[in-house]
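A closer look at the structure
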Amino acid sequence: MELQGVGFMAGGVTSVAVTGSGVSDVLREVCRVLETAGLKVTALHPQRAKEFEGEVLVVVGDDREVLRFLHSVPLPDASLLIVGLEPTRSFLTSVDLEELADSAFHLVEGSYRVEEVPLLSCTTDDGDSYLAINEGAVVPKRPAKLMSYTLVIEGEQVWGDRADGVLVSTPIGSSAYALSAGGVLIHHNAQVFQVVPINSTDLTRRPLVVSASTEVKVTDVEVEGGAELVVDGLVRAPIGSEVTFTRHEKPLRLIRLPGRPAITGKIERKVLLAEENLPLPPSARLVRKVLEYGGTMTFEELMGETGLPERTLRYCLSVLVARGMVRRVNDPNDFRRRLYQLRR
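The notes below deal with the structure included here. Worth saying up front: this structure is predicted, and the values here are computed from it rather than measured.

Focus: the overall build of the protein
- Looking only at helices and strands, one finds nine helices and 23 strands in the protein.
- Considering the protein as a whole, with its 344 residues, one finds that 49% of them fall into the buried category.
- When contacts within the protein are restricted to residue pairs at least 6 apart in sequence, long-range pairs at least 24 apart make up 66% of them.
- Accessible area of the protein: about 16,200 Å², with a carbon and sulfur share of 49%.

What follows is the structure, given as structure tokens:
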């Protein structure tokens, strides 16, 4: 029996293209491993990936780099093998770099499956549309401002709310911002989206799971200083009073290899992360989540992303560093500047 959104391949792969914005030595190693497995390998610059017309495209990088790649080119028709640089909690990664040598033969043998993950089109009231891999969030432009909005599903008003914002996530995005905002983990085979209020003032406003064919509107948006649409933490677009979320015309085709941890394994790692966060102050949990999602950042970048006052941010970082959750390193390009990154 086949699950909806999942197809099983009948034949093996003979050639692949490899792309990524990471370290060139890592990309060369990935090419070497795939060639050793018997594949013909072509290395592509990320900007040339839009010209690729083959069957399998290998994308190398952490979650942030992969998201940037997917936003920089038209969504590929090819099936994507996402090679993560280290063990990850993400639903996006197909295989970790250290596991690639033991798993590449599955491509040659055809013993893998392709998941077709539904994605979002987020359309503002001026007609601009943006592709969301993880989520689209409607939030105030200025931090610490409550936003009022109305949620409309298939033309029917569901609720009015005052909150820090509201987001709509895909199944793979359910393990990202949506989870930290109180959303549920969605199995990546499910053909659904979820709506998650962000710190609602009404405790009855809970995450709402809807069919991927559903039209979701966030309308009547009002907030001092205006609101914006934030897509995958990468794209920011000003809005008037409304954003419409619909299923994107193309799915994301992700290759899944045998032997990868089951969905329960990734859920367990997310639960462990949540347990680690419980004793932390809410502002420190926010800083940790921003670092998990955004990667290595400077103090100034963290201030911009979190909206926290300088004194509060310094306190949060001191707590996270003292507990061994975050490390502080010198910027190799400017030793007077400090960088902050999660300890993996």
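As for unusual backbone geometry
- Residues other than glycine seldom take positive phi values, yet Asn199 does so here, at roughly 50°.
- Considering the arrangement of structural elements, one finds Asn199 in the loop between β14 (192-198) and β15 (208-211).
- Residue classification places Asn199 among the exposed positions, given a relative accessible area of 54%.
- For Asp232, which is not glycine, the phi dihedral falls at a positive 55°.
- Mapped onto the elements of the fold, Asp232 is located in the loop between β17 (227-231) and β18 (235-238).
- Taking the relative accessible area as the measure of exposure, Asp232 reaches 0% and is therefore buried.

Observations regarding the sheet that holds strand β19 (residues 243-247)
- Pairing is antiparallel in the open sheet, where six strands are placed in the order β9-β8-β19-β16-β11-β12. Only two strands of the sheet have a single partner each, and these edge strands are β9 (129-132) and β12 (156-163). Across this sheet, the average inter-strand angle for adjacent strands is 20°, counted without regard to direction.
- As paired elements, strand β11 (residues 147-153) and strand β16 (residues 216-222) share five bridges and run antiparallel to each other. Considered in β16, the bridge of Ile153 is made with Val216.

Topic: the environment of Ala78
- Structurally, Ala78 is set in the loop between α2 (63-72) and β5 (79-84).
- Put simply, Ala78 and Glu53 are 25 residues apart on the chain and 7.2 Å apart in space, counted from C-alpha to C-alpha.
- Discounting chain neighbours no more than four positions away, the residues touching Ala78 are Phe52, Gly54, Glu55, Val56, Leu57 and Arg253.

Section: the pattern of salt bridges
- Evaluation of the coordinates by the stated rule reveals 14 salt bridges.
- Here Arg314 ties to Glu310 by a salt bridge, and the two come within 3.0 Å at their closest N and O atoms. With a gap of four residues between them, Arg314 and Glu310 both fall in helix α9 (residues 310-322), about one helical turn apart.
- Residue classification places Arg314 among the partly exposed positions, given a relative accessible area of 46%.
- The class for Glu310 is partly exposed, based on a relative accessible area of 41%.
- One continuous salt-bridge network, built from bridges that share partners, spans Arg113, Glu115 and Arg256.

Re the pairing of β19
- The sheet contact formed by strand β8 (residues 120-124) and β19 spans five bridges and is antiparallel. Note that in β19 the partner of Thr123 across the bridge is Thr244.
- As paired elements, β16 and β19 share three bridges and run antiparallel to each other. Paired with Lys217 across the two strands is Thr244, which belongs to β19.

So, the packing of aromatic side chains
- Counting across every chain of the model gives zero aromatic pairs.
- The ring of Phe299 carries the charged tip of Arg314 above its face, separated from the ring centre by 4.2 Å.

Overview of helix α1 (residues 24-36)
- When the terminal C-alpha atoms of α1 are compared, their 18 Å separation across 13 residues agrees well with the 18 Å that a helix rising 1.5 Å per residue should span.
- Of all the positions in α1, only Leu27, Val30, Cys31, Val33 and Leu34 are classed as buried. In an axial view of α1, the angular spread of the buried residues amounts to 165°, which keeps them on one side of the axis. Summarising the geometry of α1, the exposed residues directed more than 90 degrees from the buried face are Arg28 and Thr36.
- Lining the buried residues of α1 we find β2 (15-20), β3 (40-43), β4 (56-60), α3 (100-103) and α4 (105-109).
- At the exit of α1 stands Gly38, carrying a positive phi of roughly 105°.

The rules we used
Residues numbered from 1 in each chain as written. Predicted model: local features only at pLDDT ≥ 70, side-chain atom pairs only at ≥ 80, totals over all residues. Heavy atoms only, no water. Helix = DSSP H or I, 4+ residues; strand = E, 2+ residues; numbered from the N terminus. Buried < 20%, exposed > 50% of the residue type's maximum accessible area, 1.4 Å probe, protein only. Contact = heavy atoms within 4.5 Å. Areas by Shrake-Rupley, 256 points an atom, 1.4 Å probe, with all protein chains shown as cover. Pairing = 2+ DSSP bridges. Axes fitted to C-alpha atoms, helices over the stretch in contact; angles between N-to-C directions. Salt bridge = Lys/Arg side-chain N within 4 Å of Asp/Glu carboxyl O. Phe/Tyr/Trp six-rings, centres within 6.5 Å; stacked < 30°, edge-to-face > 60°. Lys NZ or Arg CZ within 6 Å of the ring centre and 35° of its normal. Expected span 1.5 Å × (residues − 1). Arc of directions from axis to C-beta.

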